[in-house]
Every structure is written in structure tokens, then in C-alpha cells.
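This is what each chain is made of:
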Amino acid sequence: MSDLSAIDHGHEAGFGDYVQLLKPRVMSLVVFTAMVGLIVAPVPVHPFVAFTAILFIALGGGASGALNMWYDADIDRVMRRTRNRPIPAGRIGGGEALGLGIALSGISCIMLGLATNLVAGAFLAFTIFFYVVVYTMWLKRSTPQNIVIGGAAGAFPPMIGWACATGTVSVESLLMFALIFMWTPPHFWSLALFMKDDYSKAGVPMLTVTHGRRATRRHILVYTILLAPFALGLALSPIGGPVVLAAAVLLNLGFIAGAVRILGRDEATAEADGYRAEKAFFRFSLAYLFLHFGALLVEASLRAHGLGGW
Amino acid sequence: MAIAREHELHHRRRGRNFGLGFVLIGFVALVFGLTIVKVSHQDAHGNPPGTSQGAGN
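Within each chain, residues carry numbers counting from 1 in the order of the written sequence. Chain labels run from A onward and ligand labels from 1 onward, assigned in the order the entries are written. For this predicted model, a pLDDT threshold of at least 70 governs which residues receive local features, and a threshold of 80 or more governs which side-chain atom pairs are given and counted, while totals over whole chains, interfaces and linings are taken from all residues. To obtain the side-chain values, all non-hydrogen atoms of the structure were included, while hydrogens and water were left out.

J.: What exactly am I supposed to notice about the overall build of chain B here?
T.: A count of helical and extended segments in chain B gives one helix and zero strands. Residues counted as buried form 14% of the 57 residues belonging to chain B. Only the protein chains shown count as cover for residues, and the accessible areas themselves come from Shrake-Rupley with a 1.4 Å probe. Surface exposure of chain B reaches about 4600 Å², of which carbon and sulfur atoms provide 66%. Helical segments are the DSSP runs of H or I of at least four residues, strand segments are the runs of E of at least two, and each set is numbered from the N terminus. Burial classification: accessible surface area is computed with a 1.4 Å probe over protein chains only, and a residue below 20% of its type maximum counts as buried, one above 50% as exposed, and the rest as partly exposed.

Here is the structure:
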């Protein structure tokens, strides 16, 4: 019998659904920061090896995204922002996502190790472990500090890129890590402020749920202030220079000003204008990271031509 | 009996198969390219050119 009308077509996944499982938007951040980490490193890498390395770092990031979606399918079903993801929407089965995630994790770590060095491969494996086991399975559902500690997973890519070139960890790569690590909490807390009930409905102990929105606004300001010294430290490091310093000063002033503005608002004001300041801060936080790492890239290009740097 | 009528389901499956095919071809090309780069940019001991610690140095 070949009566196709009896089949539920909504459950048949297309190629794009598998791509969506790898969280391509998160991947873009991973690709960019890892690429910068690799390019600014003092050891030159063959362009094809560099391309391969970035590709497998991205694939590793995608694999951890698939494993995250497998484990968090129950939460994703509840939250408005995530209920159209392939698993909650019923297009891909949980087991399939788990299999894909594990297979891609293995391929990406082994291939990165073979293409560059064992330190980089092992570092990628640790990053996937940290994101999936430490953040997704453990911290996310148990502590309001989930974003703070879990943010480390997103901060590792520039260190992996640096390790691809040098095979080591150094002060410069640690400063790049620190920049993303300290940036993550205000970035996600501003999202939590205007994604109102999503996290509470899903039972995720975000700071907005456990400590209230007033405390979240205070935390955002504290973290943006603590972030600034790391940004300036990176600008004054051997991979920094006048361009990075100028970017760091301007971006951090803008970030702190945005956080002060958020702190000065109460819920009534925010609701009245549709969380305009919180949304603007969230968008600025994305630009903050891209421009900061973009400045590092510009500085490295200038240095290659005998300009830039200290 | 062969299915005569094309269905949206077939398009989706074909898209998936082509997608996977391109990914596999890309992977083979990548490994090939990487091999060429590694072989042509390393000496017999796997060191980048000019960095080996052999007797001649």
C-alpha cells in the first residue's frame, strides 16, 4: 500500500531542521571569536588548516547545541522563544538529536586534534562536556548562578582558537576568555528581563525568578562594571593596541551607561514602553562583543603591516 | 508497485539526502586538502619546515 495521506507529514524532518538543531546563531558567535583567537595568536597557521580548525570548532559548538536541545526538550516545549525548535515541534526525535550530537562531538574533537594539535582537540572536548553536562544537565535547573558559571562554555572558543595556533594557554587567551565570561551574565539577564514569564513557566531558576527583577537590574550593573577592567586589560596586553583600547573605552562606557539606565527603571516604566531600554541593552551587548573582537582583528591586521600594537 | 505520484514528503527526503551527500563530499574534500597541506608543509618528522632539530642544525 502506498497511501501517503496516512502519514503525518509534520514529523518528517528536512535538512534545515538538522541545521537548526546545531543552533546556527550561537555558532556564528563561536566561529567569530574562535577565528579571532586563532588569527591574533603569535604563531602563524596555514590558511587551510585555520579554515578546517574553525569549521570543526563550529561543528563542536553545534554538537553541544544538539545535545542541549535533546536534554532541554521539556523546557523548550514550555517557553515561547523555543517551542518551535525541531524537537518540541515534533520534527526530530530526541534520540535522533542525541545520536547526532554525540557523533558530531566525536568527529569535531578528533578532527580538530588531527588538524591542529591534541591540546586544541582536548580543549574542544572539555568545552562540549562543560556546556552539556556542567551547564545544561546540572547548573541550569539548580541555581540562579547558571548563566554566570555556564557562561564559561561560551567563553572557551577564542581560547581554543589560540590553542590551535600555539598549543598552549596564555594570559592573552585567558583575557579573551574573561571578556566573554563577564559579558555573558548581563547579556542573558537583560534577555530574561523582557522575556518576562518564559523562564518562570519553565521552572528555570533565572535570577529574575529567584531574586526578582530589581535584583537582576542591580546584578547587570555590577557585572558591566566588573567587565570593564578585563576589557581594558585585554587592550593593554600584547594582542591589544590603540584601536582595541579606543574600542574598549567607548564600548564599556556605552555598556555601563545602558546598565545604569536599566537600573533607574522600574517594572511599570519598562512595561509601559515595551522594555525598550532592556531590548536596546541586549542588542548593544551583541554589538559590544562583535566590535570588541573586531577591534582585535583590526589591530592584528595593522600589526602585520608594521602598524598597530604597543 | 512503484509510487507514481510525487509528494511533498519525497521532496523533503530528497532535500535531506542531497544535503547529507554534499556534507559527505565536503568532508572528503576537507580531509584530502588537509592531507596535502600537512604533507607539503612538514618534514619527515612532522615538524614545520625550518624548525627540525636534526643533526644538520
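J.: Please explain the domain arrangement of chain A as it appears in this structure.
T.: Residues and elements named next belong to chain A. For the domains described, the bounds stem from an automatic or database domain assignment. The assigned domain composition of chain A is domain 1 (14–169) and domain 2 (170–310). What makes two residues a contact is simply this: any of their non-hydrogen atoms within 4.5 Å. Contacts between the two partners involve 33 residues from domain 1, matched on the other side by 34 residues from domain 2. Defined in terms of a 1.4 Å probe, buried area is the accessible area two parts forfeit on being brought together, summed over both. Carbon and sulfur atoms supply 78% of the area that domain 1 and domain 2 bury against each other, a total of about 3000 Å² over both sides. Note on definitions: salt bridges are taken to be side-chain nitrogens of Lys or Arg within 4 Å of carboxyl oxygens of Asp or Glu. Scanning the region where domain 1 abuts domain 2 turns up zero salt bridges.

J.: What is the right way to read the packing of helix H7 (residues 146–155) of chain A against helix H9 (residues 171–194) of chain A from this model?
T.: Packed helix pairs are specified by the crossing angle of their axes together with the interaxial distance, meaning the distance between the axes. All names here are of chain A. Viewed as axis vectors pointing N to C, H7 and H9 meet at an angle of 130°, and their least axial separation amounts to 8 Å. Looking at the two axes, H7 sits oblique to H9. Between H7 and H9 lies a crossing of right-handed hand. For the pair H7 and H9, the contacting residues are Ile147, Val148, Ile149, Gly151, Ala152, Gly154 and Ala155 in the first and Phe177, Ile180, Phe181, Thr184, Pro185, Phe188 and Trp189 in the second. Classes in brief: Ala, Val, Leu, Ile, Met, Phe, Trp, Tyr, Cys and Pro nonpolar; Asp, Glu, Lys and Arg charged; the others, Gly included, polar. Residue composition of the contact of H7 with H9, by class: eleven nonpolar, three polar and no charged. Under this scheme, a helix contributes an axis fitted over its contacting stretch, all axes are lines through C-alpha atoms, and angles between N-to-C directions fall in the 0 to 180 degree range. Oblique is the label for every angle not falling under 35 degrees (roughly parallel), over 145 degrees (roughly antiparallel), or within 65 to 115 degrees (roughly perpendicular). Crossing handedness: left-handed means the near helix sits turned counterclockwise from the far one by under a right angle, and right-handed means the same turn made clockwise.

J.: I would appreciate a short explanation of the side chain of A:Ser237 in the present structure.
T.: Residue and element names in this part refer to chain A. Its place among the elements puts serine 237 in the loop between helix H12 (212–236) and helix H13 (242–263). For serine 237, a relative accessible area of 7% gives the class buried. Among residues more than four places away in sequence, those in contact with serine 237 are Glu172, Leu175 and Trp310.

J.: In this structure, what is going on with a nonpolar patch on the surface? I would like to understand it.
T.: Patch rule: a residue counts if its relative accessible area is over 30% and it has no salt bridge; like charges are joined within 9 Å, and nonpolar side chains (Val, Leu, Ile, Met, Phe, Trp, Tyr) within 5 Å. Together, A:Phe15, A:Val19, B:Leu20, B:Val23 and B:Leu24 line one region of the surface with nonpolar side chains, adding up to about 410 Å² of accessible area. Among the residues examined, A:Phe15 registers a relative accessible area of 31% and is labelled partly exposed.

J.: Got a minute to help me understand the nonpolar core in this structure?
T.: Side chains of a nonpolar character, in soluble globular proteins, are inclined to be buried together. All names here are of chain A. Ranked by internal contacts, the top residues of the largest apolar core, which has 88 residues, are Leu112, Phe293 and Leu296. In terms of residue count, H9 provides more of this core than any other element does, twelve residues in total. Residues from two domains meet in this core; each of domain 1 (14–169) and domain 2 (170–310) gives at least three. The set of buried Ala, Val, Leu, Ile, Met, Phe, Trp, Tyr and Cys residues whose side-chain atoms join them within 4.5 Å is what this entry labels a nonpolar core.

J.: Which parts of the structure should I look at to understand the pattern of salt bridges?
T.: Pairing between side chains becomes possible if they bear opposite charge and their charged atoms approach one another. Residues and elements named next belong to chain A. The final tally for this structure, using the stated rule, is ten salt bridges over all chains. Between arginine 85 and aspartate 76 there is a salt bridge, and its shortest N-O distance comes to 3.2 Å. According to the relative accessible area criterion, arginine 85 is buried, its value standing at 17%. For aspartate 76, a relative accessible area of 2% translates into the label buried. With its nearest N and O atoms 2.9 Å apart, the salt bridge here joins aspartate 273 to arginine 265. The class for arginine 265 is buried, based on a relative accessible area of 10%. Here the residues in one salt-bridge network are Arg213, Arg217, Arg265, Glu267, Asp273 and Glu278, joined through shared partners.

J.: What is the right way to look at the interface of chain A and chain B in this model?
T.: A common way to state how big an interface is: give the accessible area lost once the parts meet. Taken together, the 22 residues of chain A in the interface contact 19 residues of chain B. Taking both sides of the interface into account, the surface hidden between chain A and chain B amounts to around 1800 Å²; carbon and sulfur atoms contribute 75%. There are zero salt bridges connecting chain A and chain B. Under this definition, polar contacts are N or O atom pairs within 3.5 Å; protein pairs additionally need one hydrogen-donor-capable and one acceptor-capable atom, and for neighbouring residues in sequence, both atoms have to be side-chain atoms. Where chain A meets chain B, there are two residue pairs in polar contact (both at pLDDT 80 or more).

J.: What exactly am I supposed to notice about the side chain of A:Asn252 here?
T.: All names here are of chain A. The residue asparagine 252 is located in helix H13 in this model. Residue classification places asparagine 252 among the buried positions, given a relative accessible area of 4%. Within the structure, the side chain of asparagine 252 is placed 2.7 Å from the backbone oxygen of alanine 248, a separation counted as a polar contact. What asparagine 252 contacts, discounting residues up to four positions off in sequence, is Leu227, Ala228, Ala231, Tyr288 and His292.

J.: Teacher, can you tell me more about the packing of aromatic side chains here?
T.: All names here are of chain A. Two aromatic rings, drawn from Phe, Tyr or Trp (for Trp, its six-membered ring), form a pair once their centres lie within 6.5 Å of each other, and the interplanar angle then sorts them: stacked below 30 degrees, edge-to-face above 60, tilted otherwise. Scanning the entire structure with this criterion turns up 18 aromatic pairs over all chains. Seen from their ring centres, tryptophan 70 and tyrosine 71 are 5.8 Å apart, and the 65° between their planes marks the pair as edge-to-face. Residue classification places tyrosine 71 among the partly exposed positions, given a relative accessible area of 30%. Taking 6.4 Å as the distance between ring centres and 35° as the angle between the ring planes, the aromatic pair formed by phenylalanine 126 and phenylalanine 129 counts as tilted. Separated by three residues within a single helix, phenylalanine 126 and phenylalanine 129 lie in helix H6 (residues 118–139), roughly one turn from each other. For phenylalanine 126, a relative accessible area of 40% gives the class partly exposed.

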